[in-house]
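Commentary on secondary and tertiary structure
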Amino acid sequence: MRLTLLAVAATSFLVPAASSAQTTAAADTNSLLPGDLISVSIWREEELSGQFQVDQGGKVILPLLGERIVTGISPDDLRDQLTEEYGQYLVNTAVNVVLLRRINVLGEVGLPGVYVVDATESIAGLIARAQGIKPDGNPNDIQLIRNGVTTRTDLSGSLSITAAGIRSGDQIVVGKRSWISRNFSSVVGIASIIANIVVISGR
């Protein structure tokens, strides 16, 4: 009888796959999307804890529970569901769930590459992981590129990954300062020399 109840409980956890409209809406919220990672921590249960990939079908495989569709679910809702599910097997269950996104940081940064970050982290924090903006970089020129298309050119470092609508697989590209900005001191020096020549010539 208990096995039957457990099977029913596990089945009830399944949620329908999100529609394309739901997936698009979820991109601007703190919800799970294909390509994301979820970090699951269960108190005193290291073998059940870890980071788990959400595949392109929106599914994730969790220890003991098996395959689940999780797209469109917030980390808090997933935490509550996992607490209930694991509670069928464990005593004093304490589950923590963190949404992680895989983001490619490119352009004028110290160490370009793919970084896995908490979705609540700021863009500035993400860039700091890439060893910050190089001297020639422009902190006011941070673009979001998705599938080869620039979707935002107004990203602020203070925005969170979630608030900026950044998904796993997106590229954050830091642009370069203009030539004049990068060579301002040289331009001023040349202008000063020319001014002196003009003054001398006019005498």
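For the structure itself, consult the block above.
Described below are features of the structure shown in this document. (Residues numbered from 1 in each chain as written. Predicted model: local features only at pLDDT ≥ 70, side-chain atom pairs only at ≥ 80, totals over all residues. Heavy atoms only, no water.)

1. Focus: the overall build of the protein
The test is simple: Think of it this way: any DSSP run of H or I at least four residues long counts as a helix, any run of E at least two long counts as a strand, and we number them from the N terminus. Exposed residues in this analysis have more than 50% of their type's maximum accessible area, buried residues have under 20%, and partly exposed residues fall in between, with area computed by a 1.4 Å probe over protein chains only. Residue contacts are counted whenever heavy atoms from the two residues lie within 4.5 Å of one another. For accessible areas, the Shrake-Rupley method is used with a probe of radius 1.4 Å. Any residue's cover is judged against the shown protein chains and nothing else.
Check the secondary structure of the protein and you find 6 helices and 9 strands. Within the protein, the fraction of its 203 residues that count as buried is 36%. Contacts in the protein between residues at least 24 apart in sequence constitute 56% of all its contacts with a sequence separation of at least 6. Here the protein has roughly 11200 Å² of accessible surface; of this, 55% comes from carbon and sulfur atoms.

2. Thoughts on the nonpolar core
Counted only if it meets this: Residue types Ala, Val, Leu, Ile, Met, Phe, Trp, Tyr and Cys, when buried and joined through side-chain atoms within 4.5 Å, form a set referred to as a nonpolar core.
Ranked by internal contacts, the top residues of the largest apolar core, which has 20 residues, are Ile-38, Val-40, Leu-62, Leu-78, Leu-82 and Tyr-86. Beyond its immediate chain neighbours, meaning those up to four positions away, Ile-38 contacts Leu-32, Gly-50, Gln-51, Phe-52, Val-60, Leu-62, Leu-78 and Val-98. Ile-103, Ile-123, Ala-130 and Ile-142 belong to the second largest nonpolar core, which has 17 residues in total.

3. Considering the pattern of salt bridges
For the record, the criterion: One speaks of a salt bridge when a side-chain nitrogen belonging to Lys or Arg is within 4 Å of a carboxyl oxygen belonging to Asp or Glu.
Under the defined criterion, the tally for this structure stands at 8 salt bridges. In this structure, Arg-79 engages Asp-76 in a salt bridge whose closest nitrogen and oxygen atoms are separated by 3.4 Å. Remark: Asp-76 and Arg-79 occur in helix H3 (residues 75-86); sequence separation between them is 3 residues, near one turn of the helix. In this structure, the salt-bridge partner of Glu-108 is Lys-134, at a minimum N-O distance of 3.9 Å. Separated by 26 residues along the polypeptide, Glu-108 in the loop between strand E5 (95-107) and strand E6 (113-118) and Lys-134 in the loop between helix H4 (123-129) and strand E7 (137-146) bring together distant segments of the chain. When its relative accessible area of 15% is taken as the criterion, Glu-108 is described as buried. Classification of Lys-134 as partly exposed rests on a relative accessible area of 37%.

4. So, the pairing of E7
So the rule is basically this: For two strands to pair, DSSP has to find at least two bridges joining them.
Direction of pairing for E7 relative to strand E9 (residues 171-176): antiparallel, over a ladder of 5 bridges. When the bridges of E9 are listed, Ile-142 appears paired with Val-174. The pairing of E7 with strand E8 (residues 149-152) spans 3 bridges and is classified as antiparallel. Looking at the pairing, Ile-145 lines up with Thr-150 of E8. Counted along the chain from E7 to the antiparallel partner E8, the turn is 2 residues long, and its residue Asn-147 has a positive phi close to 55°.

5. Description of the packing of aromatic side chains
Test applied: Two rings belonging to Phe, Tyr or Trp (six-membered ring only in the last case) form a pair when the distance between their centres is within 6.5 Å. Interplanar angles under 30 degrees mark stacking, angles over 60 mark edge-to-face geometry, and anything in between is tilted. Two conditions define a charge sitting above a ring: the NZ of Lys or the CZ of Arg must be within 6 Å of the ring centre, and it must be within 35 degrees of the ring normal.
Per the stated rule, a full pass over the model turns up 0 aromatic pairs. Here the guanidinium or amino end of Arg-44 rests over the ring plane of Trp-43, the centre of that ring lying 5.0 Å away.

6. As for the environment of Asn-92
Note on placement: Asn-92 falls in the loop between H3 and E5. Here Asn-92 falls in the exposed class, since its relative accessible area comes to 62%.

7. Structural notes on the layout of surface pockets
The cut-off we apply is this: Grid spacing is 1 Å over the protein atoms alone, the probe is 1.4 Å, and a cavity is where that probe fits but cannot get out, while a pocket is an open set with protein on both sides within 12 Å along at least five of seven lines and lining residues have an atom within 4 Å of a point. Grid points are joined across faces, edges and corners, and a volume is the space filled by probe spheres set on the points. Gly is placed with the polar residues, together with every amino acid not listed as nonpolar (Ala, Val, Leu, Ile, Met, Phe, Trp, Tyr, Cys and Pro) or charged (Asp, Glu, Lys and Arg).
Its volume calculated, the largest pocket comes out at about 210 Å³. Lining the largest pocket we find 11 residues, and of these Pro-34, Asn-147, Arg-167, Ser-168 and Asp-170 sit closest to its centre. The residue inventory of the lining of the largest pocket, partitioned by class, reads 2 nonpolar, 6 polar and 3 charged.

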